[in-house]
Amino acid sequence: DHQLMKAKMLYRTAAMHSRLFSFRPAYKLCEQSIEIARKLADLRSVASALYYMGEICIALQDYAQAKTVLEESVSICWKIHFPQQLNMAMTSLGQALDEQGEHERALVTTKEALAIAKQIDDLWGMIHALQLLGTIHRYMREYDTAIEYFQRSLSAIRLIGDRLAE
């Protein structure tokens, strides 16, 4: 379907704009994508576009809005059993929660994202969740636990041979 393809292209283009630090145009593209996907009742595209919108909100330091859209993305992902997107949305939600000072909820959410990443063998998802868990524990002044998570993340990065990420 032409409209469905358009919705997907809009959120993928938004992701590219975001990588180029062009956040406001990226946000607008996500809004357009979500509008089309909702009309088509394509929940996978809605969840994906909401995830990208949440990432953009985090980049813009609008953590309240990030939390709102990421919670909706997570909810949809659970509803339609979309674990690949769920894992990423939950990690980003954990970041938004942490930035708002909701450290305990951020820990629970991110640990759940880590478990999902392990279940679906998403190594990058595991790495991101481990890094975030380290960051959350660091903010909570639980330095030994933070170091453990950072070391686990580094081990996974070395496993895939990504020298730049290392």
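Structure: above.
Residues numbered from 1 in each chain as written. Predicted model: local features only at pLDDT ≥ 70, side-chain atom pairs only at ≥ 80, totals over all residues. Heavy atoms only, no water.

This part is about the pattern of salt bridges. Summed over the entire model, instances satisfying the criterion amount to six salt bridges. For lysine 39, the salt bridge goes to glutamate 35, with nearest N and O atoms at 3.4 Å. Residue lysine 39 and its partner glutamate 35 are both found in helix H2 (residues 23-40); the two are separated by four residues, about one turn of the helix. Of the residues examined, glutamate 35 reaches a relative accessible area of 46% and is grouped as partly exposed. Of the charged contacts, one joins arginine 105 and glutamate 102 as a salt bridge, the two residues approaching to 3.6 Å between their closest N and O atoms. (Salt bridge = Lys/Arg side-chain N within 4 Å of Asp/Glu carboxyl O. Helix = DSSP H or I, 4+ residues; strand = E, 2+ residues; numbered from the N terminus. Buried < 20%, exposed > 50% of the residue type's maximum accessible area, 1.4 Å probe, protein only.)

Between helix H1 (residues 2-19) and helix H3 (residues 43-59), whose axes approach to 10 Å, the crossing angle comes to 20 degrees. Taken together, the axes of H1 and H3 are roughly parallel relative to one another. As for how H1 packs across H3, the hand of that crossing is left-handed. Contact with H1, carried on its side by Leu4, Lys8, Tyr11, Ala15 and Ser18, involves Ser45, Ser48, Ala49, Tyr52 and Ile56 of H3 and no other residues of that element. Broken down by class, the residue content of the contact of H1 with H3 amounts to six nonpolar, three polar and one charged. (Axes fitted to C-alpha atoms, helices over the stretch in contact; angles between N-to-C directions. Parallel < 35°, antiparallel > 145°, perpendicular 65-115°, else oblique. Left-handed = near helix turned anticlockwise from the far one by under 90°. Contact = heavy atoms within 4.5 Å. Nonpolar A, V, L, I, M, F, W, Y, C, P; charged D, E, K, R; others polar.)

Right, let's get into the packing of helix H5 (residues 83-99) against helix H6 (residues 103-119). Two packed helices can be described by the angle between their axes and the distance between those axes. Put simply, H5 and H6 touch, their axes get as near as 8 Å, and they point 160 degrees apart. In this view, H5 runs roughly antiparallel relative to H6, as classed from their interaxial angle. Where H5 crosses over H6, the handedness of that crossing is left-handed. Each of Pro83, Leu86, Asn87, Met90, Thr91, Leu93, Gly94, Leu97 and Asp98 in H5 lies in contact with H6, whose residues at this interface are His103, Arg105, Ala106, Thr109, Thr110, Glu112, Ala113, Ile116 and Ala117.

Along its 18 residues, helix H8 (residues 143-160) runs 26 Å from first to last C-alpha, staying within 8% of the 26 Å computed at 1.5 Å per residue. Each element contacted by the buried residues of H8 is listed here: H6 and helix H7 (123-139). Of the residues flanking the end of H8, it is glycine 161, one or two places downstream, whose phi is positive at about 75 degrees. (Expected span 1.5 Å × (residues − 1).)

The next thing to look at is the side chain of serine 92. Tracing the backbone through its elements, the reader meets serine 92 in helix H5. Not counting the four nearest positions on each side in its chain, serine 92 is found in contact with Tyr51, Glu55, Ile58 and Leu70.

This brings us to unusual backbone geometry. Despite not being glycine, glutamine 61 shows a phi value in the positive range, around 60 degrees. Along the chain, glutamine 61 falls in the loop between H3 and helix H4 (63-80). Taking the relative accessible area as the measure of exposure, glutamine 61 reaches 59% and is therefore exposed. Even without being a glycine, histidine 81 presents a positive backbone phi close to 50 degrees.

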